[in-house]
Amino acid sequence: MPNLEHPAYPAADLLHLESLVPCRESQVSMLLSIFGERQQFSFPSIFIYGHTSSGKTYVMQTLLTTLQLPHVFVNCVEYFTSRLLLEEILFQLQSCSSGREEASPVHCDSLNDFVRLFKQAVASQGLQEQTLYIVLDRAEQLREMEANILPAFLRLQELTDRNVTVVLLSEIVWELFRPNVGCFEPFTMYFPDYSIGHLQKILSQNHPPEYSADFYAAYINILLGVFYMVCRDLKELRHLAALNFAKYCEPVVRGEANERDTRKLWKNIEPHLKKAMQTVYLREISSSQWEHLQHDGGEPGQLKGLSAHTHVELPYYSKFLLIAAYLASYNPVRTDKRFFLKHHGKIRKTNFMKKHEKTSNHLLGPKPFPLDRLLAILYSIVDNRVAPTANIFSQITSLVTLQLLSMVDQNDQLDGPRYKCTVSLDFIRAIAR
């Protein structure tokens, strides 16, 4: 029995819509109830919010397109000023029934011009008898525009005296939108995150035709078992599923296992999924590079340029300052003479080092050091002579701003600033190369 029912729309269209929006039937049913019939006035403004990749944009686009409702869809990140936004709405409105090639650019300098041109466009397109929907995706950008833009969209139906509904899609709650002076309150609607069962159902629909649905569903179950605790993003999980499926099928392709040997297939894919955990969300490597790694059985760090640390571009002396700061944070002060002086004298062998070999300095974390010690180590590791100019001190400040160094609270320090190095050993190795 279909979950979506509405007397104003054909049952075949609703059945097709239900197949396109799995696990979002309750939200679509609520929207249909709010929309009503085509000629009925709907709610003036609807605010839909939820975390990223919870289906807000996809559900609205699919709903309006499948039921062939007149609509305008604008991304507020792309049209980031009020003028660009208003002109794009009018431009798309001209293209509702005519082709986009025939639509001419619209110039709109103010909100008053927009209301006047909007009335003309609705009349010319013959949309007076049905509801027009204006969907503003990434609506949080409206807060950066003029103060009258958001209140005007919330009551656009009243300003234009036309049958129009404005739908705002956002990842933040309405309380962060509401202006201090007050405004018309929209109908708010929440899109919850997909549960693990929902993700299993949605991802299993993309199974390749050469394999059975049960085989692909078992693969998705394994994938979610690894990634669900760290990643709930449907787009990212879909990308990971497509990227690693070929490796999962290798034992079946080679004839070493059949589709029911779940244990053997899991043993084959487990190390590769653990490697993929290192690049979740980061996109440090392309899909072709990842396939190359899987084929060769290499580690992600073996490809040149994979680590995000290698993409950090610093000035020449900033690199030496960072290396000097790392040495000052992790080497005891008593070792400076031994490491950085050419004629440090004879080192007597004592049991001192053996006593302290049990605990690594990297496990204890970085230690604070004074500015004088940092500059002394810098002068010893740079080949040519460096003068303590304002340029050097400004680069230290830049490293603190980039959070590569942190300044220790110096409320009780009278001998100058103290710093800590906050980067890892891998980062310093990449910089030192």
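Everything numeric in this text was worked out from a predicted model, so none of it was measured.

A. Inspection of the overall build of the protein chain at higher detail. Of regular secondary structure, the protein chain possesses 19 helices and eight strands. Every one of the 433 residues in the protein chain was classed for burial, and the buried ones make up 42%. Taking all contacts inside the protein chain whose residues are at least 6 apart in sequence as the whole, residues at least 24 apart take part in 69%. Accessible area of the protein chain: about 24300 Å², with a carbon and sulfur share of 53%.

B. Here's a closer look at the nonpolar core. Membership of the largest hydrophobic core comes to 37 residues, with the highest contact counts inside it found for Leu 85, Leu 136, Leu 142 and Phe 153. For this core, the secondary-structure elements that each account for two or more residues are β2 (71-75), α4 (82-94), α5 (111-124), β3 (132-137), α6 (149-154) and β4 (164-170). Sort the elements by how many residues they give to this core and α5 lands first, with six residues. Setting aside residues up to four positions removed in sequence, Leu 142 forms contacts with Cys 76, Leu 85, Leu 136, Ile 149, Leu 150, Phe 153 and Leu 168.

C. Spatial organisation of the packing of aromatic side chains. Taken as a whole, this structure holds 23 aromatic pairs when the rule is applied. Ring centres 5.1 Å apart and planes at 40° place the aromatic pair Tyr 49 and Tyr 190 in the tilted group. Residue Tyr 49 is found in strand β1 (residues 45-49), and its partner Tyr 190 is found in strand β5 (residues 187-190); the two are separated by 141 residues along the sequence. Looking at Tyr 190, the relative accessible area reads 39%, which means it is partly exposed. Ring geometry for Phe 369 versus Tyr 419: centroids 6.4 Å apart, planes at 40°, classification tilted. Here Phe 369, found in strand β6 (residues 369-370), pairs with Tyr 419, found in strand β8 (residues 418-421); they are 50 residues apart in sequence, far enough to count as distant. Judged on exposure class, the residue Phe 369 and its partner Tyr 419 are both buried. Pairwise contacts between aromatic rings join Tyr 211, Phe 215, Tyr 216, Tyr 219, Phe 245 and Tyr 248 into one cluster.

D. Main features of helix α18 (residues 390-401). The end-to-end C-alpha distance of α18, which contains twelve residues, comes to 16 Å, matching closely the 16 Å that a straight helix rising 1.5 Å per residue would cover. Listed in full, the buried residues belonging to α18 are Ile 392, Gln 395, Ile 396 and Leu 399. Seen from one end, α18 has its buried residues packed into an arc of 105°, which puts them on one side. Set apart from the buried face of α18 by more than 90 degrees, the exposed residues are Ala 390, Thr 397 and Thr 401. Turning to α18, the residues buried within the fold contact α13 (316-330), α17 (371-381), β7 (405-407) and β8. Of the residues trailing α18, Gln 403 is marked for its positive phi of about 65°.

E. Up close: the side chain of Thr 131. Tracing the backbone shows Thr 131 in the loop between α5 and β3. A polar contact is formed between the side chain of Thr 131 and the backbone oxygen of Gln 40, at a distance of 2.8 Å. Within the local environment of Thr 131, its side chain forms a polar contact with the side chain of Asn 163, the two groups lying 3.0 Å apart.

F. Focus on the pattern of salt bridges. Under the definition given, this model contains ten salt bridges. One salt bridge in this structure joins Glu 250 and Lys 247, with 3.1 Å as the shortest N-O distance. With a gap of three residues between them, Glu 250 and Lys 247 both fall in helix α10 (residues 234-253), about one helical turn apart. Residue classification places Glu 250 among the partly exposed positions, given a relative accessible area of 25%. Judged by relative accessible area, Lys 247 falls into the buried class, the value being 9%. A salt bridge links Glu 250 to Arg 254, with the shortest nitrogen-to-oxygen separation between them at 3.3 Å. Each member of the salt-bridge network shares a partner with another, and the members are Lys 247, Glu 250, Arg 254 and Glu 256.

G. Quick look at the pairing of β8. Covered by surrounding structure in β8 are Tyr 419 and Cys 421 only, the residues Arg 418 and Lys 420 on the alternate face being uncovered. Pairing analysis gives two bridges linking β6 to β8, with the strands arranged antiparallel. Considered in β8, the bridge of Phe 369 is made with Tyr 419. Alignment of β7 against β8, held across three bridges, turns out to be antiparallel. The partner of Ser 406 across the bridge, within β8, is Lys 420.

H. Representation of helix α11 (residues 262-276). Between the first and last C-alpha of α11 there are 20 Å, a value that for 15 residues agrees with the 21 Å anticipated at 1.5 Å per step. For α11, every residue scored as buried is listed here: Leu 265, Asn 268, Ile 269, His 272, Leu 273, Lys 275 and Ala 276.

I. Region of the structure containing the confidence of the model for the protein chain. Per-residue pLDDT for the protein chain has a mean of 84; in total, 83% of the residues score no lower than 70. Per-residue pLDDT stays below 50 along residues 300-311; that stretch engages in 22 contacts with residues further than four places along the chain or on separate chains.

J. Structural context of the environment of Leu 150. As for its placement among the helices and strands, Leu 150 is situated in helix α6. As for Leu 150 and Phe 177, which are separated by 27 residues in sequence, their C-alpha atoms are 8.6 Å apart. Once residues lying within four places of it in the same chain are set aside, the contact partners of Leu 150 are Leu 142, Leu 168 and Phe 177.

K. Looking closely at the sheet that holds β1. Sheet architecture is open: five strands sit in the order β2-β3-β4-β1-β5, paired in parallel fashion. In this open sheet, the two edge strands, each paired with only one partner strand, are β2 and β5. When strand polarity is set aside, the average angle formed by the axes of neighbouring strands in this sheet is 15°. Pairing geometry for β3 and β4, over five bridges, is parallel. Directly across from Leu 132, in β4, lies its bridge partner Val 164.

About the thresholds
- Residues numbered from 1 in each chain as written.
- Predicted model: local features only at pLDDT ≥ 70, side-chain atom pairs only at ≥ 80, totals over all residues.
- Heavy atoms only, no water.
- Helix = DSSP H or I, 4+ residues; strand = E, 2+ residues; numbered from the N terminus.
- Buried < 20%, exposed > 50% of the residue type's maximum accessible area, 1.4 Å probe, protein only.
- Contact = heavy atoms within 4.5 Å.
- Areas by Shrake-Rupley, 256 points an atom, 1.4 Å probe, with all protein chains shown as cover.
- Core = buried A, V, L, I, M, F, W, Y, C linked by side-chain atoms within 4.5 Å.
- Phe/Tyr/Trp six-rings, centres within 6.5 Å; stacked < 30°, edge-to-face > 60°.
- Expected span 1.5 Å × (residues − 1).
- Arc of directions from axis to C-beta.
- Polar contact = N/O pair within 3.5 Å; in protein donor to acceptor, adjacent residues only side chain to side chain.
- Salt bridge = Lys/Arg side-chain N within 4 Å of Asp/Glu carboxyl O.
- Pairing = 2+ DSSP bridges.
- pLDDT = per-residue confidence, 0-100.
- Axes fitted to C-alpha atoms, helices over the stretch in contact; angles between N-to-C directions.

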